[in-house]
Amino acid sequence: QVQLVVSGGGLVQAGGSVRLSCAASGRTFSSYTMGWFRQAPGKEREFVAGTIWSGGSTYYAHSVQGRFTISRDNTKNTVALLLNSLKPEDTAVYYCAASLRVGFPKEEFEWHYWGQGTQVTVSS
């Protein structure tokens with residue numbers, strides 16, 4: 001069992017930056033694939049970024065490629081998402097997730113644990 005606690009977020013102006021952090025419980029954090037998702041009002045939840053257990057491979061949605069950076073620290077059981085060059089369309093509730101899947105998860109149901117969401121609001 002893994003518990004994920006998300007922190008960070010808030011209100012930021014367009015072009016600004018914000019950092020989200022996700023702290024995980026459990027002694028096997030380093031074996032999980034970690035990811036970030038977001039859900040904007042009236043839209044379905046979507047994948048944003050992910051990293052495999054070692055942090056050596058990262059994956060990004062096309063819409064955030066080059067602006068967001070995911071990183072993890074297995075010694076601290078944390079994964080972070082740095083959001084740069086924010087746009088109003090990045091406004092959403094952001095979620096942290098963990099997967100036990102071997103290989104990078106392709107479907108949302110393959111993410112087994114979810115943290116609570118945190119609101120990021122980008123003003124124009």
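Rules used throughout
- Residues numbered from 1 in each chain as written.
- Predicted model: local features only at pLDDT ≥ 70, side-chain atom pairs only at ≥ 80, totals over all residues.
- Heavy atoms only, no water.
- Pairing = 2+ DSSP bridges.
- Helix = DSSP H or I, 4+ residues; strand = E, 2+ residues; numbered from the N terminus.
- Axes fitted to C-alpha atoms, helices over the stretch in contact; angles between N-to-C directions.
- Phe/Tyr/Trp six-rings, centres within 6.5 Å; stacked < 30°, edge-to-face > 60°.
- Lys NZ or Arg CZ within 6 Å of the ring centre and 35° of its normal.

Colleague: Just to check I follow, could you spell out the sheet that holds strand β3 (residues 18-24) for this structure?
Modeller: Sheets are built from strands that pair by backbone hydrogen bonding, the pairs being arranged parallel or antiparallel. Reading across from one edge, β1-β3-β8-β7 is the order of the four strands in this open sheet, with antiparallel pairing throughout. Edge positions in the sheet fall to β1 (4-8) and β7 (68-73), since each has one partner strand and no second. Averaged over all pairs of adjacent strands, the angle between strand axes in this sheet comes to 15 degrees, irrespective of strand direction. The sheet contact formed by β3 and strand β8 (residues 78-83) spans six bridges and is antiparallel. Opposite L20, over in β8, you have L81 as the bridge partner.

Colleague: Whenever I open this one, the packing of aromatic side chains confuses me. Can you help?
Modeller: Any aromatic ring pair is given by two values, namely how distant the centres are and how the planes are angled relative to each other. Applying the stated criterion to the full structure yields seven aromatic pairs. Lying over the aromatic face of W114, R45 brings its terminal NZ or CZ to 3.7 Å of the ring centre. Over the ring of F29 we find R72, and its NZ or CZ is 4.7 Å from the ring centre.

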